[in-house]
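Coordinate analysis (summary)
Each chain, written out:
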Amino acid sequence: MRKSLVLLLVAVLSLVGISGLAKTKLIFAVHWSDYQVEGVKDEKENITVKGLRQYVEEYQKSNPDVEIEIQSVPFDDYLKRILISHTSGVIADVYVLYSLWGVQLVDSGILDQVPKDIVDKIKSNFVRAAVDGATIDKAIWGVPVEVDNYALIYNKKLLQEAGFNQPPKTWDELVAMAPKLTKKNPDGTIAQYGFAFLSGWDSAVVHPYLALLHSNGGKMFTDDFTECLLTSKEAVEALEAELKLFKNGATDPAASVWNFPAGKVAMMIMAPWYETSLKLGFKDQYEETVGVAPIPYLKKPATAGYTWFIAVDAASKNKKAAWDFIRWMTLQDAGGFTRMGELMAKNIGAIPPNKTDINYFKGELDDLYTSVFVKELENTYQEPNVAQGQEIKTILMREIIEAWNGRKTAEKALSDAKVQIDKILAEFYK
Amino acid sequence: MACKLFSSKRKSLERNTGAGYLFLAPALLFYSLFFIYPVIFSFIVSTKRWNMLVPLSRARNVGFSEYSYLLKDEMFLGVLTNTLIYALLTVSLTITIALILAVLINGAKLSVLWRFIYFAPVVTPQVAIGTIWGYLYRPNNGLLNSILRLFGMKPVYWLTDPNVALFSIIATAVWAGIGGSMLIITAGLKNIPQDYYDAAKIDGAGPFRQFFYITVPLLSPTLLFLTATGFIGAWQVFDLPFTMGRNAPARSVMTVSWYVYETAFQSLRMGRASAGAFLLFCIIFIFTLLILWIFKRGGIKGYE
C-alpha cells in the first residue's frame with residue numbers, strides 16, 4: 001500500500017514537473033491566404049518572399065519556451081470563428097481583427113487592454129487613419145497592421161482613345177467624361193462602361209460612398225453616435241453624385257469592376273489589394289494601361305479607409321507572452337523596419353500603417369499603383385467604429401443599391417436607412 | 001391459475017416493453033440531441049439579446065420582442081414573401097415538368113441515358129450550380145443574352161434587375177431539382193400495372209385520358225411525398241439565392257434562411273436570428289400540415 005502511494009506521488013510530481021517545463025502555447029488567428037501564411041515559393045519550393053510562418057519560426061527560435069500555432073480562417077468565416085470559439089471556450093490568444101468588429105468585441109470584454117508602452121508607440125509612430133481604426137471609445141485596442149483606402153483606377157488607353165490625357169480631378173469632371181468613355185451595343189446595353197461601381201458585398205458599396213460623403217464635407221454620425229446624419233444635405237448630394245452616372249448612361253447596376261482587366265471598364269474606385277489581379281490581367285500591358293489617381297472630389301479631396309489591428313484575447317492564459325510576441329512582430333526594429341511591415345509590404349501587398357515601414361519600403365510602396373494610396377492616407381477618413389457597425393453598413397448598402405436600381409431617390413433611400421440606423425443607435429447610445 | 005398466468009404474461013410483457021425502449025434508446029437519444037435540444041435551445045435564445053461573445057446566462061432577457069420586431073419588419077416580411085414565391089413556383093414547376101418528362105422518358109428508347117442526363121444536376125453542389133448559371137446569366141457575354149441577341153431581342157439583366165432576379169434563381173432551382181423528382185416519379189410509374197393502360201386502350205382512352213385518369217391518380221402518394229418534401233426544402237433555401245443574388249437589391253431576392261444567417265453572423269443578433277428560424281420552423285410545420293390536409297381531402301392518406 002505504502003509502495004503504491006509513493007509511486008503515485010512520484011507520478012504526480014513528475015507530471016507537475018513536466019507541465020512546469022512545458023512550452024507556452026499561443027494560438028494566432030489570421031484571415032490570410034495560403035501564400036501569405038506559408039510564404040511565396042519558387043518552382044523548387046524555396047521561399048522567395050517570407051510569409052507569417054517564417055517570422056513565427058524565427059520568433060520561436062529565439063524564444064524556445066514559446067510555441068505559436070497559426071490558425072488561418074478565410075475572411076468570410078473569420079468573425080464566425082471568433083464567435084464560435086468563444087461559445088465553445090476554445091479561444092485564440094492573438095487575433096488580427098477588422099476594425100469594424102472592434103466595438104462589439106470591446107463591449108463584450110473580449111479584448112485585452114493594450115500595455116501602455118505599446119499605446120505610446122502607436123500614437124507616435126502610426127498614420128492617423130490607422131490609429132483612428134484601432135481606437136474605440138478613445139482607447140487603443142490593438143496594434144494596427146494594415147490600412148486600406150480607395151483611389152480611382154482608370155484605363156489610360158481607353159481615356160486616350162476618347163481624347164483624355166489626364167484622369168478627372170473633380171467628380172463633375174468624372175461625370176462629364178464617363179459617357180464619352182462608354183460604348184453601347186446596338187440593343188442599347190452597355191458594352192464598355194465609362195465607370196463601374198464596386199459591388200457584391202457591403203464594404204464594396206458603402207466605402208466609395210463614404211469617400212464622397214467626406215469629400216462633400218459630410219459625415220455619417222454625430223460624434224457621440226446618437227444620431228445618423230444620412231439625411232443631411234451633404235449625404236444626399238453625395239449619393240446623388242453617384243446616381244448622375246446612372247442617369248447619364250455611363251454605368252448601370254450590372255456593371256462589374258472585375259471586367260476592368262478585360263478592357264471593358266474605363267474608370268472605377270478600388271482598394272490597394274487589387275494590384276496583383278490587375279498585373280495578372282494586363283500582363284506586359286499593365287504599366288501602359290493602368291493609371292491610378294485620387295478619387296475625384298466634390299468639395300475637397302477625401303477617401304474612405306479601414307484598418308486591421310492585432311489584439312490579444314482578454315481570456316488568454318498567456319497574455320504577457322502574446323503581447324511580447326506582438327511587440328517583436330509589429331514594433332521592434334528589425335533593421336530599419338518592423339517584421340509586420342515587411343510582411344505587409346512584400347508579401348500581402350497592403351500598406352503598413354507604421355510610418356517607419358512606409359519610409360523603409362518605398363521601393364515596394366512607391367510603384368505606379370500603391371504610391372497613390374500611400375499619398376492619399378493623409379486624406380483618408382477611417383470608417384467609423386460604431387456599435388453594430390456591420391449591421392449598419394449592410395443597411396446602408398441595401399439602400400444605396402435600391403437607389404442605383406432607380407427604386408428609390410437618393411433622399412428616400414438615405415432617409416429609410418437613417419430610420420433603421422437610428423433605431424440601432426438608440427439601442428446602444430441612449 | 002388463470003390469474004397467475006395473466007400476471008406472468010404481463011410481467012413478461014413489461015420486461016419486453018423495457019427491452020423495446022432499450023432498443024429505441026439510441027434513436028431517441030439521437031433525436032433528442034440533434035432535434036429536440038436545438039429546437040428548445042433556439043427558442044430560449046430567441047428570447048434573449050445575445051451576440052455569442054458573452055455567455056448566454058449573461059444575455060439580457062427580451063421576452064418575445066424579437067418575434068414582434070420581425071413580424072413588423074418590412075425587410076423580414078419581404079424576405080418571407082420572396083421565400084413563399086420561391087417555394088410555390090419551384091415546387092409546382094419542378095414536379096409538373098418532372099412528371100411530364102418521366103412519363104415521356106418512361107416509354108422512350110435509351111430511357112436510362114435520359115434519366116442520367118436529367119439526374120446529373122442533382123449530384124452537383126448547389127454552389128457550383130449557382131456559379132455556372134451565373135456565367136450563363138451574365139449580361140454582356142452570357143449564353144442566354146447571346147441567344148436573345150441572335151433573335152434580335154433586348155438582353156435581360158437576369159441577376160441584377162430586381163423584377164427578374166428571383167425568377168432567374170427559381171429557373172435554376174427548377175433545372176437543378178427536376179432530376180431528383182423525375183427519378184422518384186419514375187419509380188412510382190413502374191408500380192402502375194400495365195393492365196390498367198391496356199384496359200383503358202380497349203375502352204378507347206387516348207394518351208391524355210390515360211395520363212389524367214390512370215397515371216396522375218395512381219401517382220398521387222408519390223406526388224404528395226414530392227410536394228411535402230419539396231416545400232420543406234424550398235422554405236429553407238439558402239445556397240442558390242446567396243450565391244446568385246448578391247448583386248441584386250436584397251429585398252428582391254433574399255430568403256428567410258439567408259436573412260437568418262446574416263442576422264446571426266454579420267449583425268451578431270442571435271436572438272433575432274433564432275426567432276426568425278423559429279418562425280420559419282412554424283411556417284414549414286403549418287405548411288406541411290396544410291399540404292397533407294389538402295391531399296387527404298383528395299382521398300390520399302399516405303402519411304397518417
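Looking only at helices and strands, one finds 20 helices and 15 strands in chain A. For a compact globule of 430 residues, the expected C-alpha radius of gyration is about 22 Å, and chain A comes in at 24 Å, within 12% of that figure. Along the longest, intermediate and shortest principal axes, the C-alpha atoms of chain A span 95 × 55 × 40 Å. For chain A, buried positions account for 49% of its 430 residues. Within chain A, contacts between residues separated by at least 24 positions form 70% of all contacts whose residues are at least 6 apart in sequence.

Within chain B, the secondary structure is distributed over 14 helices and two strands. Here chain B has a C-alpha radius of gyration of 25 Å; the compact-globule value for 304 residues is 19 Å, and the former is much larger. Principal-axis analysis of the C-alpha atoms places the extent of chain B at approximately 90 × 70 × 30 Å. Counting across all 304 residues of chain B, residues that qualify as buried make up 33%.

What follows covers the environment of Val237 of chain B. Along the chain, Val237 of chain B turns up in the loop between α10 (220–235) and α11 (239–244). Remark: the alpha-carbon pair of Val237 of chain B and Thr83 of chain B, spanning 154 residues in sequence, is separated by 7.9 Å.

Contacts between the two partners involve 21 residues from chain B, matched on the other side by 25 residues from chain A. Grouping the amino acids of the side of chain B that touches chain A by side-chain chemistry returns eleven nonpolar, six polar and four charged.

With that out of the way, let us pick up the sheet that holds strand β9 (residues 151–155) of chain A. Residues and elements named next belong to chain A. Strands sit in the order β12-β9-β13 across an open sheet of three strands; the sheet is antiparallel. Both edges of this open sheet fall to β12 (267–270) and β13 (290–293), since each of them pairs with a single strand only. Taken over all neighbouring pairs, the strand axes of this sheet differ in orientation by 30° on average, direction set aside. Summarising the sheet, β9 and β12 pair through four bridges and their orientation is antiparallel. Bridge pairing links Ala151 to Met270 in β12.

Among soluble globular proteins, nonpolar side chains are generally buried collectively. Judged by nonpolar contacts, the single largest core of 196 residues is most densely connected at Val94, Phe195, Met268, Met270 and Ile400 of chain A. For this core, the leading source of residues is helix α3 (residues 74–106) of chain B, giving 13 residues. Looking at which domains feed residues into this core, each of domain 1 (23–148 + 306–382) and domain 2 (151–305 + 385–429) of chain A gives three or more. Contact partners of Val94 of chain A, with chain neighbours within four places excluded, come to Leu26, Phe28, Ile310, Val312, Ala322, Phe325 and Ile326 of chain A.

Our focus in this paragraph is the pairing of strand β14 (residues 303–312) of chain A. Residues and elements named next belong to chain A. Across the ten residues of β14, ten count as buried, placing the element largely inside the fold. Covered by surrounding structure in β14 are Thr303, Gly305, Thr307, Phe309 and Ala311 together with Ala304, Tyr306, Trp308, Ile310 and Val312, the residues of both alternating faces. Pairing analysis gives five bridges linking strand β5 (residues 94–98) to β14, with the strands arranged antiparallel. The residue of β14 that forms the bridge with Tyr95 is Ala311. As defined by bridge partners, β14 adjoins strand β15 (residues 380–382) across three bridges and the pair is classed as parallel. Across the sheet, Thr303 pairs through a bridge with Thr380, a residue of β15.

Residues and elements named next belong to chain A. The topology assignment puts Phe309 in strand β14. In the structure, Phe309 is positioned 45 residues away from Asn354 in sequence and 12 Å away in space, judged by C-alpha atoms. Those residues in contact with Phe309 that sit more than four places away from it in its chain are Leu97, Ser99, Gly133, Ala134, Gly142, Val143, Pro144 and Val145.

A word on the domain arrangement of chain A. Put simply, an interface is often sized by how much accessible area is lost when its parts join up. All names here are of chain A. Once the domains are mapped, chain A shows domain 1 (23–148 + 306–382) and domain 2 (151–305 + 385–429). Between the C-alpha centres of domain 1 and domain 2 there is a distance of 28 Å. Going through the elements one at a time, α5 (102–107), β6 (135–136), β8 (143–149), β14, α18 (370–375) and β15 are the ones with two or more residues in the side of domain 1 that touches domain 2. Each residue belonging to the side of domain 1 that touches domain 2 can be placed in one class, and the counts come to 13 nonpolar, ten polar and three charged.

Turning to the environment of Leu111 of chain A, a few remarks are in order. Residue and element names in this part refer to chain A. Within the secondary structure, Leu111 sits in the loop between α5 and α6 (116–125). The buried category is assigned to Leu111, around which 21 C-beta atoms lie within 10 Å. Along the chain, Leu111 and Gly142 lie 31 residues apart, while their C-alpha atoms are 8.6 Å from each other. Apart from residues lying up to four places away in sequence, Leu111 is in contact with Leu105, Val106, Trp141, Ala311 and Ala314.

For the rest of this paragraph, the subject is the confidence of the model for chain B. Residue and element names in this part refer to chain B. Of the residues in chain B, 93% have a pLDDT of 70 or more, and the chain-wide mean is 88. For chain B, the element scoring lowest by mean pLDDT is helix α4 (residues 111–119), at 79; helix α2 (residues 65–72) scores highest, at 96. Both scores are given for the predicted complex: the pTM is 0.85, the ipTM 0.81.

Residue and element names in this part refer to chain B. Running from amino to carboxyl end, α3 crosses α10 at an angle of 150°, the nearest separation of the two axes being 9 Å. Two packed elements cross with a definite hand, and for α3 against α10 that hand is right-handed. Of the residues in α10, those in contact with Thr83, Tyr86, Ala87, Thr90, Val91, Thr94 and Ile95 of α3 are Leu223, Leu226, Thr227, Gly230, Phe231, Ala234 and Trp235.

Moving on, we get to the packing of α4 of chain B against helix α7 (residues 165–190) of chain B. Helix-helix packing is described using two parameters, namely the angle between the two axes and the distance between the axes. All names here are of chain B. For the pair α4 and α7, the least separation of the axes is 7 Å and the interaxial angle reads 140°. Put simply, α4 runs oblique to α7. Every residue of α7 that contacts α4 at Arg115, Tyr118 and Phe119 is listed here: Ile178, Gly179, Met182, Leu183 and Thr186. Taken together, the residues of the contact of α4 with α7 break down into five nonpolar, two polar and one charged.

Compared with the 18 Å implied by 1.5 Å per residue over 13 residues, the 17 Å span of helix α14 (residues 319–331) of chain A between its first and last C-alpha is a close match. Restricting attention to buried positions, one finds in α14 of chain A the residues Ala321, Ala322, Trp323, Phe325, Ile326, Met329, Thr330 and Leu331 of chain A.

All names here are of chain A. Burial runs high along β8: seven of the seven residues are buried. With six bridges connecting them, β8 and β14 associate as antiparallel partners. Counted as the bridge partner of Asp148 is Tyr306 from β14.

What follows is about unusual backbone geometry. All names here are of chain A. Positioned with a positive phi, Glu45 is a non-glycine residue whose angle comes to about 70°. Relative to the helices and strands, Glu45 is located in the loop between β2 (40–41) and β3 (47–49). Here Glu45 falls in the exposed class, since 6 other C-beta atoms lie within 10 Å of it. At Phe225, a residue that is not glycine, the phi angle is positive and equals roughly 60°. Take Phe225: there are 18 C-beta atoms within 10 Å of it, and that puts it in the partly exposed class.

Rules used throughout
Along each chain, residue indices are assigned from 1 in the same order as the chain's sequence is written. In the order they appear in the text, chains get letters beginning with A and ligands get numbers beginning with 1. The predicted origin of the model limits local features to residues at a pLDDT of at least 70 and limits the giving and counting of side-chain atom pairs to 80 or more, whereas totals for whole chains, interfaces and linings rest on all residues. The secondary structure listing takes helices from DSSP runs of H or I that are at least 4 residues long and strands from runs of E that are at least 2 residues long, numbered from the N terminus. Our radius of gyration looks at C-alpha atoms and nothing else; its globule reference is 2.2 Å times the residue count to the power 0.38. Buried, partly exposed and exposed are defined by the number of other C-beta atoms within 10 Å of a residue's own C-beta, namely 20 or more, between the two limits, and 12 or fewer respectively, with C-beta atoms placed from the backbone. By the convention adopted here, residues are in contact when the distance between their C-beta atoms, placed from the backbone, does not exceed 7 Å. In this classification, Asp, Glu, Lys and Arg are treated as charged, Ala, Val, Leu, Ile, Met, Phe, Trp, Tyr, Cys and Pro as nonpolar, and every other residue, Gly included, as polar. When DSSP finds two or more bridges between two strands, those strands count as paired. The convention used is that axes are lines fitted to C-alpha atoms, helices contributing only their stretch in contact, and that angles between N-to-C directions extend from 0 to 180 degrees. Here, a nonpolar core denotes buried Ala, Val, Leu, Ile, Met, Phe, Trp, Tyr and Cys residues that are linked to one another through C-beta atoms within 7 Å. Domain limits in this description derive from either an automatic procedure or a database domain assignment. What pLDDT expresses is the predictor's confidence in each residue, scored from 0 to 100. By the definition used in this description, the sense in which the near helix is turned from the far one sets the handedness, with an anticlockwise turn below a right angle giving left-handed and a clockwise turn giving right-handed. Here the angle decides the label: under 35 degrees means roughly parallel, over 145 means roughly antiparallel, 65 to 115 means roughly perpendicular, and every other value means oblique. The length a helix should cover is 1.5 Å for every residue beyond the first.

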